[in-house]
Amino acid sequence: MSDISTPLPSRLAQLDKVWLVFVAILALVAILTPEDFSMVFGKMISALGQTAIFIAFAIAAVAYMKASGAETLLAKAFTGAPVRMIVLGALAGGLSPFCSCEVIPFIAALLALGAPLAAVMAFWLASPLMDPAMFLITASALGFDFALAKTVAAVGLGLLGGFGTLAFQNTAVFRDPLKAREAKGGCCGAKKPFQGQPVWKFWQEPARRQAF
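Just so you know, these numbers come straight off a predicted model, no measurement behind them. (Residues numbered from 1 in each chain as written. Predicted model: local features only at pLDDT ≥ 70, side-chain atom pairs only at ≥ 80, totals over all residues. Heavy atoms only, no water.)

**Q** Help me understand the overall build of the protein chain, please; the structure alone is not making it clear to me.
**A** Of regular secondary structure, the protein chain possesses nine helices and zero strands. Tracing the protein chain from N to C terminus, the helices and strands come up as α-α-α-α-α-α-α-α-α. Counting over 212 residues, the protein chain shows a buried share of 29%. Surface summary for the protein chain: the accessible area is close to 13400 Å², and the carbon and sulfur share equals 69%. (Helix = DSSP H or I, 4+ residues; strand = E, 2+ residues; numbered from the N terminus. Buried < 20%, exposed > 50% of the residue type's maximum accessible area, 1.4 Å probe, protein only. Areas by Shrake-Rupley, 256 points an atom, 1.4 Å probe, with all protein chains shown as cover.)

Here it is in structure tokens:
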């Protein structure tokens, strides 16, 4: 239960800023164009109803992958021949459920363990541009063709960066890319993001249930 003794400004500061902006926009519509408020609100509810099933599925799928530790399987993409690693790295980046902040500790750990910079670059560029949740929501809102084209573009950008880095890997530009410092976790707190094995029955462990 919330502490009613907490000042209202402090409680408002703890709210998600997205919700505050959302309420503020509706309030502005109601004040500036009250005759359009019902139409705007109705379209909002309609759009939410059309995408809600995709959003719910995307959230559940990503939560399961995070709780089970399925992202550890991505480490297999960074073994083998350089060309193979670049292609698999770009594909893994375009299909993995990493946000832009979660990918940072992942690539830092990959580089610290000696993964080739070209393959990591392919993954790094493709990953924030598309993921399963984004694909489903984009397809529901803008159409399957648009979502597919964005996925292809994300993988293509990863391939471009990966092979471009491979072409310059023996030059002074990329000869020694790592700084002499210990790899740290990023803002999402994943310090060792691909060690261990996936636990598909995650609900048997309290910590994984909490992560879900």
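**Q** Would you mind showing me how to read helix α7 (residues 132–142) here?
**A** Because an α-helix packs 3.6 residues into every turn, residues spaced three or four apart end up facing the same way. All of the buried residues along α7 are Ala133, Phe135 and Thr138. Capping the start of α7, Asp131 holds a side-chain oxygen 2.6 Å from the backbone nitrogen of Met134, two or three residues further along. (Polar contact = N/O pair within 3.5 Å; in protein donor to acceptor, adjacent residues only side chain to side chain.)

**Q** I would appreciate a short explanation of the side chain of Ser68 in the present structure.
**A** The topology assignment puts Ser68 in helix α3 (residues 37–68). With near-sequence residues (within four places) excluded, Ser68 lies in contact with Gln197, Pro198, Val199, Trp200, Phe202 and Arg208. (Contact = heavy atoms within 4.5 Å.)

**Q** Before we go on, may I ask you to explain the nonpolar core in this structure?
**A** Looking at soluble globular proteins, one finds that nonpolar side chains tend to be buried together. Ranked by size, the top nonpolar core spans 13 residues in total, and within it Phe78, Phe106, Ile107, Leu110, Ala115, Val120 and Phe123 carry the most contacts. Taken together, the elements giving at least two residues each to this core come down to α4 (82–95), α5 (103–112) and α6 (117–126). No other element matches the five residues that α5 contributes to this core. Discounting chain neighbours no more than four positions away, the residues touching Ala115 are Phe78, Leu110 and Val120. If you look at the next biggest cluster of nonpolar residues, it comprises five residues, including Ile86, Ala90, Ala118 and Ala122. (Core = buried A, V, L, I, M, F, W, Y, C linked by side-chain atoms within 4.5 Å.)

**Q** Quick question: what am I supposed to make of helix α8 (residues 144–167) here?
**A** Over its 24 residues, α8 extends 34 Å from the first C-alpha to the last, a length consistent with the 34 Å expected when each residue adds 1.5 Å. Of the residues making up α8, those classed as buried are Ala147, Thr151, Ala154, Val155, Gly158, Gly161, Gly162 and Thr165. Lining the buried residues of α8 we find α4, α6 and α7. (Expected span 1.5 Å × (residues − 1).)

**Q** I would appreciate a short explanation of the packing of aromatic side chains in the present structure.
**A** Working definition: an aromatic ring pair is given by the centre-to-centre distance plus the angle between the planes. Within this structure, the stated rule accounts for seven aromatic pairs. With a centroid separation of 5.9 Å and an interplanar angle of 15°, the aromatic rings of Phe37 and Phe41 are classed as stacked. Separated by four residues within a single helix, Phe37 and Phe41 lie in helix α3, roughly one turn from each other. Exposure remark for Phe37: the relative accessible area of 28% places this residue in the partly exposed category. An aromatic cluster is present here, built from Tyr64, Trp200, Phe202, Trp203 and Phe212 joined pairwise through their rings. (Phe/Tyr/Trp six-rings, centres within 6.5 Å; stacked < 30°, edge-to-face > 60°.)

**Q** Whenever I open this one, a nonpolar patch on the surface confuses me. Can you help?
**A** Where nonpolar side chains cluster on the molecular surface, the patch consists of Val83, Val87, Leu91, Leu95 and Phe163 and spans about 400 Å² of accessible area. It is α4 that contributes the most residues to the nonpolar patch, four residues altogether. Counting through the fold element by element, Phe163 comes out in helix α8. (Patch = residues over 30% accessible without salt bridge, like charges linked within 9 Å, V, L, I, M, F, W, Y side chains within 5 Å. Salt bridge = Lys/Arg side-chain N within 4 Å of Asp/Glu carboxyl O.)

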